[in-house]
Amino acid sequence: MTRYRYYTATSLDGFLADENNSLNWLFEQDSGEQATPGPSLVDYDTFSATVGALVMGATTYRSILDELKEGDPGMPFSLPWFVFTHQTLAAPAGDITFLQGHPSEHRSRIETVADGRDVWMVGGGGLAADFAEAGMLNDILLTFAPVTLGAGKPLFPRRFNLQLRDQGRSGPFLTAIYDVVGARRDQAVRSCGTTPSDRDGAGTAMATGPQQTCAPGTTGRVVPSSRRYPRWDGPTSEGPADQRLYRDQRATSVCRDDRI
Ligand SMILES: NC(=O)c1ccc[n+]([C@@H]2O[C@H](COP(=O)([O-])OP(=O)(O)OC[C@H]3O[C@@H](n4cnc5c(N)ncnc54)[C@H](OP(=O)(O)O)[C@@H]3O)[C@@H](O)[C@H]2O)c1
């Protein structure tokens, strides 16, 4: 039976890529360092031998194409790829199908093509989470790089319970396999957008940024909050850093899932 498997590397703080979609933080790791005897828990050759189709989002697809332009054969083009996108994207080689919409609409097509083998959910995290919510994600195979990024493209931006199945080490990387248990009930209300808050210390809400819309079946509401946070202004030529409190007036839009 086809398993859907999210196989990826991540920073320790849960990012697939930095804000500029860069993976330099990953490629700069020395995988030969402190080599661990035996195959890795998430050994690529062992994993990919069971795969019959790949699924990914548009940004990941574009990133792979960019890598390939630089001469790295990278991903297995001999397998069918399913790329979720709203755009018209180039398909330079191989068996590539562009899809859009809810994962469950495409389940039978993906599984027919995978022909009993596994589906590699390549990423990104939002698409992996969409698949998980559709009941189309069995497990998550992770390689944790010894680096934190602070921001970037999230590994899995939803609330799910997971169960640790196995763990290990591969050189400088921590490795782990988690079974996907199910969505947490507190996912019923999830953040779907914020307006940027005033950060100049005056306490006045100034700017409004792009407001995301709520998914079908959800209703949006605005939950204002007003807190005081320490502000770090950093060292200046006039003297030491200025750390003071500023007022953050934030309007957070959350979407309530009407189906739950
Ligand atoms: N560390 C690793 O090993 C690893 C693994 C995988 C990915 N990555 C990196 O992580 C980053 C992930 O980028 P990302 O978070 O933006 O995720 P992504 O899933 O690669 O791309 C998201 C885009 O896919 C399209 N999309 C997603 N769901 C869709 C749907 N249901 N229907 C139609 N289109 C859909 C949308 O683009 P459009 O609407 O514009 O088409 C969406 O903006 C990339 O930089 C990638 O290279 C790293």
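Residues numbered from 1 in each chain as written. Predicted model: local features only at pLDDT ≥ 70, side-chain atom pairs only at ≥ 80, totals over all residues.

Engineer: Can you walk me through the nonpolar core in this structure?
Structural biologist: Generally speaking, soluble globular proteins have nonpolar side chains that are buried together. Core analysis: the largest hydrophobic core is formed by 36 residues, its most contacted members being Leu54, Val55, Val119, Met121, Ala128, Phe131 and Leu137. Contributions of two or more residues to this core are made by strand S1 (4–11), strand S2 (15–17), strand S3 (51–57), strand S4 (81–84), helix H4 (107–114), strand S6 (118–123), helix H5 (125–133) and strand S7 (139–145). Among the elements that make up this core, the one with the highest residue count is H5 (five residues). Beyond its immediate chain neighbours, meaning those up to four positions away, Val55 contacts Phe82, Ile110, Val119, Met121 and Val122. (Core = buried A, V, L, I, M, F, W, Y, C linked by C-beta atoms within 7 Å. Buried ≥ 20, exposed ≤ 12 C-beta atoms within 10 Å, placed from the backbone. Helix = DSSP H or I, 4+ residues; strand = E, 2+ residues; numbered from the N terminus. Contact = placed C-beta atoms within 7 Å.)

Engineer: Please clarify how the environment of Val51 should be interpreted in this entry.
Structural biologist: By secondary structure assignment, the location of Val51 is in strand S3. The residues touching Val51, leaving out its near neighbours within four places in the chain, are Leu79, Arg117, Asp118 and Trp120.

Engineer: What's the story with the confidence of the model for the protein chain in this structure? I'm lost.
Structural biologist: The predicted coordinates of low-pLDDT regions are not to be read in fine detail. On average, residues of the protein chain carry a pLDDT of 77, and 65% of them reach 70 or more. The model gives residues 188–213 a pLDDT under 50, and that stretch makes 43 contacts with residues more than four places away or in other chains. Residue range residues 220–260 is modelled with pLDDT below 50. Its contacts to residues more than four positions away, or to other chains, number 73 contacts. (pLDDT = per-residue confidence, 0-100.)

Engineer: Please clarify how the site of the ligand should be interpreted in this entry.
Structural biologist: Close contacts around the ligand come from 28 residues, with Asn21, Gly57, Ser63, Gly123 and Gly124 the closest. Those elements that place two or more of their residues in the shell around the ligand are S1, S2, S3, helix H3 (58–69), S6 and H5. Grouping the constituent residues of the shell around the ligand by class yields 10 nonpolar, 16 polar and two charged. (Near = placed C-beta within 6 Å. Nonpolar A, V, L, I, M, F, W, Y, C, P; charged D, E, K, R; others polar.)

Engineer: Help me out: how do you make sense of the pairing of strand S10 (residues 173–183) in this one?
Structural biologist: Looking along a regular strand, one sees the side chains alternate between the two faces of the sheet. Where S7 and S10 come together, six bridges link them in antiparallel fashion. Paired with Leu142 across the bridge in S10 is Ala176. Pairing of strand S9 (residues 160–170) with S10, which is carried by 10 bridges, proceeds in the antiparallel orientation. Bridging across to S10, Gly168 finds its partner in Thr175. Linking two consecutive strands that pair antiparallel, namely S9 and S10, is a turn of two residues; a positive phi of about 55° is found at Gly171 within it. (Pairing = 2+ DSSP bridges.)

Engineer: Mind showing me how you'd approach the sheet that holds S9 here?
Structural biologist: The strands making up a sheet are joined through hydrogen bonds of the backbone, oriented either antiparallel or parallel. The strand order S5-S4-S3-S6-S1-S7-S10-S9 describes an open sheet built from eight strands, whose pairing is mixed. The strands lining the two open edges of the sheet, one partner per strand, are strand S5 (96–99) and S9. Strand-to-strand twist of the sheet, defined as the mean angle between neighbouring strand axes without regard to direction, takes the value 25°. For S1 and S6, the ladder comprises three bridges, and the chain directions are parallel. Across the sheet, Arg5 pairs through a bridge with Trp120, a residue of S6. Sitting on the sheet, H4 touches S3, S4 and S6, and the angle it makes with S3 is about 140°. In the packing of H5 onto the sheet, the strands contacted are S1, S3, S4, S6, S9 and S10, and the crossing angle to S6 comes to about 140°. (Axes fitted to C-alpha atoms, helices over the stretch in contact; angles between N-to-C directions.)

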